[in-house]
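Coordinates in review
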Amino acid sequence: MRVKMAPQGPEVSRLVYGVWRMQEDAQGTDPQRVLGKVQACLDLGITTFDHADIYGGYRCEELFGAALRTNPGLRQRLELVTKCGIMLTHPARPQNWIKHYDYSRQHLIGSVEQSLRNLATDYIDVLLLHRPSPLLDPAEAAEALRLLVEQGKVRHVGVSNFTPAQFDMLASYLPTPIVTNQVELHPLRPEPFLDGTLDHCLRQRILPMGWSPLAGGRLMTGHGEAEGRTREVLHGLGHKYGVAPETIVYAWLLRHPSRILPVLGTNQPERIASAARALSLSLDTQDWFAVWRAATGTEVP
Amino acid sequence: MRVKMAPQGPEVSRLVYGVWRMQEDAQGTDPQRVLGKVQACLDLGITTFDHADIYGGYRCEELFGAALRTNPGLRQRLELVTKCGIMLTHPARPQNWIKHYDYSRQHLIGSVEQSLRNLATDYIDVLLLHRPSPLLDPAEAAEALRLLVEQGKVRHVGVSNFTPAQFDMLASYLPTPIVTNQVELHPLRPEPFLDGTLDHCLRQRILPMGWSPLAGGRLMTGHGEAEGRTREVLHGLGHKYGVAPETIVYAWLLRHPSRILPVLGTNQPERIASAARALSLSLDTQDWFAVWRAATGTEVP
Amino acid sequence: MRVKMAPQGPEVSRLVYGVWRMQEDAQGTDPQRVLGKVQACLDLGITTFDHADIYGGYRCEELFGAALRTNPGLRQRLELVTKCGIMLTHPARPQNWIKHYDYSRQHLIGSVEQSLRNLATDYIDVLLLHRPSPLLDPAEAAEALRLLVEQGKVRHVGVSNFTPAQFDMLASYLPTPIVTNQVELHPLRPEPFLDGTLDHCLRQRILPMGWSPLAGGRLMTGHGEAEGRTREVLHGLGHKYGVAPETIVYAWLLRHPSRILPVLGTNQPERIASAARALSLSLDTQDWFAVWRAATGTEVP
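Residues numbered from 1 in each chain as written. Chains lettered and ligands numbered in written order. Predicted model: local features only at pLDDT ≥ 70, side-chain atom pairs only at ≥ 80, totals over all residues. Heavy atoms only, no water.

What follows concerns the overall build of chain A. For chain A, the count of helices and strands is 13 helices and 12 strands. Against the 2.2 N^0.38 benchmark of 19 Å for 301 residues, chain A shows a C-alpha radius of gyration of 19 Å, consistent with a compact globule. The C-alpha extent of chain A, read off along each of the three principal axes, is 50 × 45 × 40 Å. Buried positions account for 61% of the 301 residues belonging to chain A. Looking at charge distribution, chain A has the averaged site of its 31 positive side-chain charges lying 3 Å from that of its 31 negative ones. (Helix = DSSP H or I, 4+ residues; strand = E, 2+ residues; numbered from the N terminus. Rg over C-alpha atoms; globule rule 2.2 N^0.38 Å. Buried < 20%, exposed > 50% of the residue type's maximum accessible area, 1.4 Å probe, protein only. Lys, Arg positive; Asp, Glu negative; His and termini not counted. Charge placed at Lys NZ, Arg CZ, Asp CG, Glu CD.)

Right, here's the structure in full:
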């Protein structure tokens, strides 16, 4: 199942595979293992892969790129999303003595060029500014992004974790439209459903990407009251629809009218399949609200 | 006193009579009693009546309609506002097992057609979406609303309890403008005066409707500190202007530049008259701020 | 260093001198002392002076005007900003029995005419509405402002302490653009950097003015944990860059891409010079975030 991310955006798959935990894979990170997961995704219609320069301590892009190099025809069957702008204090970046952001022209261009080398590709489908910075200079960032798009190194520009105000501000400086906002979206975080974040995406006719669809695992294993209540409902609905509880979570996200693109973080092919099952499941409206009530702890007003 | 609700909106009366407590009327709900209250409103220039499908356990519209049937000429002298979208768990709706919202095409059209039958009329002047839903599909709702307007069943579309972000999002899908936002407005709830809700109405050139102008009675009988402080000021101003304290509350709302349309909820004709007295009373600016200070507990910054 | 406040706004100096503490000057307020401070500013390229009708208990404008009268050629070398709308309870305004706001046509016009007399000038460069009022009638205020601009008494209109929603609402009624929003800006108040206030200025292409750049002295002498942490970093950076810690604060504000115009409040010429030194200092990005982290108490996400 393929969708347009934005009126002038790329075609992507409805589910996105995120590599941010690739280094934690108990079965390793050699090209064959990575290719196996990529192929498992492709077999399920998942063609869009979500990266960031910093994932895996600045290593994940490169591991993915090494796999792509072994199968050069693969690149054209995929869409690659990556991110830039977060400056970690990390051995790989000894010049960073404090965590900060950098959206200077020099850093943006250098970061994209490094990502291209890492990913063994000559273009990024969607480049995301990873987090809003209180020091983002929109004119300077826009000029660098314009150049990267003009050179074909970046096909589309998006943002991540931006408020609508930050989005609109940056958009007013960019010559091309912002094609997505990737935010944390799951039942235990109802705020974006109410505070204007998803309304803003709907108004802009762009599809939000949703990170941590299972709340980083909390939904399945967390010990809090909200986790417990929600899990109970998810189990009941899993039983009703004949699927795993986590499939219900993906179905819950997919049911939202903003057409959320959930980003899966698992390293287990069977759990990728479990997510993909949600694509053919249409959750009943009252069931949707049952998850909402369990997660928020109250019925709607 | 009549006003335009929006540049392309209906003419309405400055005060609106709300029927949501009609079933609690100690003197009953037979057509003669209802007609008596309608006539009391008309005599005071109040021609706009505020309904919802759910009021009185899905019964109020019907009781009002029964009264209209006894006097068929009355309809054209009134403006009828009604609402849809809240799905209560109630014996009258056994299919609802959890409180939720429904703005699907099927439900919107069915709900309006039921309201038309209940109210014994062939058009609704203003249909409001009763509450924002985290699951509202704006494209689907807009299509249903477009159809209802085209068929003449609904003359104007509005919303209730929407944030500016939710309003703007929906508006971007509708072919006709949203003509009002009905929100809870009274001195004990200063938020909408500061958080952009009323600024948004002013910017859109639409008049807000204000529900619970007396804070559901709390202003007159509540035991909290804010209630006590505010009541003391209202009594003092009532004495100064020679009116009842509740008349001061209506005058306070009417004084706001957004031209709030307060929705009265009383079943007692003498209290409708008490509200109407506010139409000829212009509250002094410092008196307005005295109510504000008492209600918020601090002077302005 | 001169900048345009807005595309259709006035040219102003990058640092603004604020007179609100003029009456506290231990060396007095006679015209010679005032002229001395004005000359100290001009020598440093500071040509813009920030007033308000209420400063010094409604006295500061007049003291400044008395100084201007002794040197009539001076006026054309300065830009004068003043404000209106706050109604204090003060012996000079016995009719005010409660602190409130007044943006009625009559008050706006009367307030500006009084400011012109006080300041011994026939025009205000920028008139600011001092605070948003829950009772501001934008149509009435806009009409009065239009008249004042047409008569040449006010050259540009701005606001102070407005939210973006309040700004946009008022702007939609004004025939001329709002050229600035003066808000409280310093490291101990990170909200405007995140909540859309500065994003809104960037989007409108207007420069924000920043009041209390040293947090009213708290940054230099406050006893809280955030103050202590921040002061330590400021001292370290002062040492690194060879300037006073307060120069680092001004450099921190000047480094922001919204091109904040800090409003200095000191009466000591040597501290005006200390601020002006920031104009030639470019703070390193990581140093900027070190101040941010100390002030907020956490690293960025």
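Moving on: the domain arrangement of chain A. Residues and elements named next belong to chain A. Split into domains, chain A comes out as domain 1 (15-184) and domain 2 (218-301). Using only C-alpha atoms to locate each centre, domain 1 and domain 2 end up separated by 27 Å. For the pairing of domain 1 and domain 2, the buried interface totals around 1300 Å² over both sides, and the portion due to carbon and sulfur atoms is 67%. Taken as a group, Leu-15, Val-16 and Leu-44 account for 46% of the area that domain 1 buries against domain 2, more than any other trio of residues on that side. (Domains from an automatic or database assignment. Buried area = accessible area lost by both parts, 1.4 Å probe.)

Moving on: the relation of the copies chain C and chain A. Between chain C and chain A, the superposition needs a rotation of 120° and an axial shift of 0.1 Å, giving an RMSD of 0.0 Å. Those values place the two copies in the arrangement expected of a three-fold rotation axis. Relative to the rotation axis, the C-alpha of Ala165(C) is the closest in chain C, positioned 6.4 Å from it. (Least-squares fit on C-alpha atoms with pLDDT ≥ 70 in both.)

It is worth spelling out empty space enclosed by the protein at this point. Counted under the stated rule, the structure contains 4 cavities of 30 Å³ or more. Of the volumes computed, that of the largest cavity is approximately 120 Å³. Ser133(A), Pro134(A), Met169(A), Phe193(C) and Asp199(C) are the residues nearest the centre of the largest cavity, which is lined by 14 residues in total. Only helix H6 (164-171) of chain A together with helix H7 (191-194) and helix H8 (197-204) of chain C provide two or more residues apiece to the lining of the largest cavity. No other element matches the 3 residues that H8(C) contributes to the lining of the largest cavity. For the lining of the largest cavity, the per-class residue count stands at 10 nonpolar, 3 polar and 1 charged. (1 Å grid on protein atoms, 1.4 Å probe; cavity = no way out; pocket = protein on both sides within 12 Å on 5 of 7 lines; lining within 4 Å. Points joined across faces, edges and corners; volume = space filled by probe spheres on them. Nonpolar A, V, L, I, M, F, W, Y, C, P; charged D, E, K, R; others polar.)

This brings us to unusual backbone geometry. Residues and elements named next belong to chain A. If you check the backbone angles, Tyr-58 has positive phi at about 65° while not being a glycine. Note that Tyr-58 resides in helix H2 (residues 55-58). You can call Tyr-58 buried: its relative accessible area is 8%.

With that settled, the discussion passes to the packing of aromatic side chains. Applying the stated criterion across every chain yields a total of 30 aromatic pairs over all chains. Judged by centre distance (5.9 Å) and plane angle (85°), the ring pair of Phe289(A) and Tyr101(B) falls under edge-to-face. Pair noted here: Phe289(A) is in helix H13 (residues 285-296) and Tyr101(B) is in strand E7 (residues 100-101), and the two residues belong to different chains. Residue class for Tyr101(B) comes out buried when judged on its relative accessible area of 4%. Their ring planes at 70° and their centres at 5.3 Å tell us that Trp288(C) and Phe289(C) sit as a pair that is edge-to-face. The pair Trp288(C) / Phe289(C) is uniform in exposure class, with both members buried. Among the aromatic residues, those joined into a ring-pair cluster are Tyr101(A), Phe193(C), Trp252(C), Trp288(C), Phe289(C) and Trp292(C). Here the guanidinium or amino end of Arg155(B) rests over the ring plane of Tyr123(B), the centre of that ring lying 3.7 Å away. Its guanidinium or amino end placed over the ring of Tyr123(C), Arg75(C) lies 3.8 Å from that ring's centre, counting from NZ or CZ. (Phe/Tyr/Trp six-rings, centres within 6.5 Å; stacked < 30°, edge-to-face > 60°. Lys NZ or Arg CZ within 6 Å of the ring centre and 35° of its normal.)

Another point: the nonpolar core. If you look at the biggest cluster of nonpolar residues, it comprises 305 residues, and the most contacted ones within it are Phe64(A), Leu129(A), Phe64(B), Leu129(B) and Phe64(C). Setting aside chain neighbours within four positions, we find Phe64(C) in contact with Val19(C), Met22(C), Val34(C), Val38(C), Phe49(C), His51(C), Leu78(C), Leu80(C) and Leu119(C). (Core = buried A, V, L, I, M, F, W, Y, C linked by side-chain atoms within 4.5 Å. Contact = heavy atoms within 4.5 Å.)

Counting residues at the interface gives 21 residues for chain B, matched by 20 residues for chain C. When chain B packs against chain C, the two sides together hide about 2000 Å² of surface, and 62% of this comes from carbon and sulfur. Three residues, Gln286(B), Phe289(B) and Pro301(B), lead the burial of chain B against chain C; their summed loss comes to 30% of the area buried on that side. Applying the counting criterion to the chain B and chain C interface returns 1 salt bridge. Residue Asp168(C) pairs with Arg203(B) through a salt bridge whose shortest N-O separation is 3.6 Å. Inspection of the chain B/chain C interface yields 8 residue pairs in polar contact (both at pLDDT 80 or more). Only helix H7 (191-194), helix H8 (197-204) and helix H13 (285-296) of chain B provide two or more residues apiece to the side of chain B that touches chain C. If you tally residues by element for the side of chain B that touches chain C, the top one is H13(B), at 8 residues. For the side of chain B that touches chain C, the class distribution of residues is 10 nonpolar, 4 polar and 7 charged. (Salt bridge = Lys/Arg side-chain N within 4 Å of Asp/Glu carboxyl O. Polar contact = N/O pair within 3.5 Å; in protein donor to acceptor, adjacent residues only side chain to side chain.)

Below, the discussion takes up the interface of chain C and chain A. Chain C puts 21 residues into the contact, and the matching count from chain A is 20 residues. Interface area for chain C against chain A, summed over the two sides, is near 2000 Å², with a carbon-plus-sulfur share of 62%. Ranking the residues of chain C by area buried against chain A places Gln286(C), Phe289(C) and Pro301(C) at the top, with a combined share of 30%. Between the two partners, chain C and chain A, sit 1 salt bridge.

Residue and element names in this part refer to chain B. In terms of residue burial, strand E8 (residues 124-129) counts as a mostly covered element, since 6 of its 6 residues are buried. Bridge count for strand E5 (residues 79-84) against E8 is 4 bridges, and the pairing is parallel. Its bridge partner lying in E8, Lys-83 is registered against Leu-128. Here E8 runs beside strand E9 (residues 154-160); their pairing, made up of 5 bridges, is parallel. Looking at E9, one finds that Leu-128 is bridged to Gly-158. Running through helix H5 (residues 138-150), the crossover from E8 to the neighbouring parallel element E9 is right-handed. (Pairing = 2+ DSSP bridges. Right-handed = clockwise from strand over helix to strand, strands pointing away.)

Let us now look at the UniProt feature "domain: NADP-dependent oxidoreductase" (unreviewed entry) in chain A. Under the feature "domain: NADP-dependent oxidoreductase" (unreviewed entry), the UniProt entry names residues 14-288 of chain A. For residues 14-288 of chain A, the end-to-end C-alpha separation is 19 Å, with 43% helix and 16% strand making up the annotated structure. (UniProt positions renumbered as here; feature names shortened; annotations may be inferred.)

Residues and elements named next belong to chain B. Applying the stated rule across the entire model yields 48 salt bridges over all chains. Ionic pairing is found between Arg-2 and Glu-79, a salt bridge with its closest N-O pair at 3.0 Å. Pair noted here: Arg-2 is in strand E1 (residues 2-4) and Glu-79 is in strand E5, with a separation of 77 residues, a long-range link. Using a relative accessible area of 9% as the deciding quantity, one classes Glu-79 as buried.

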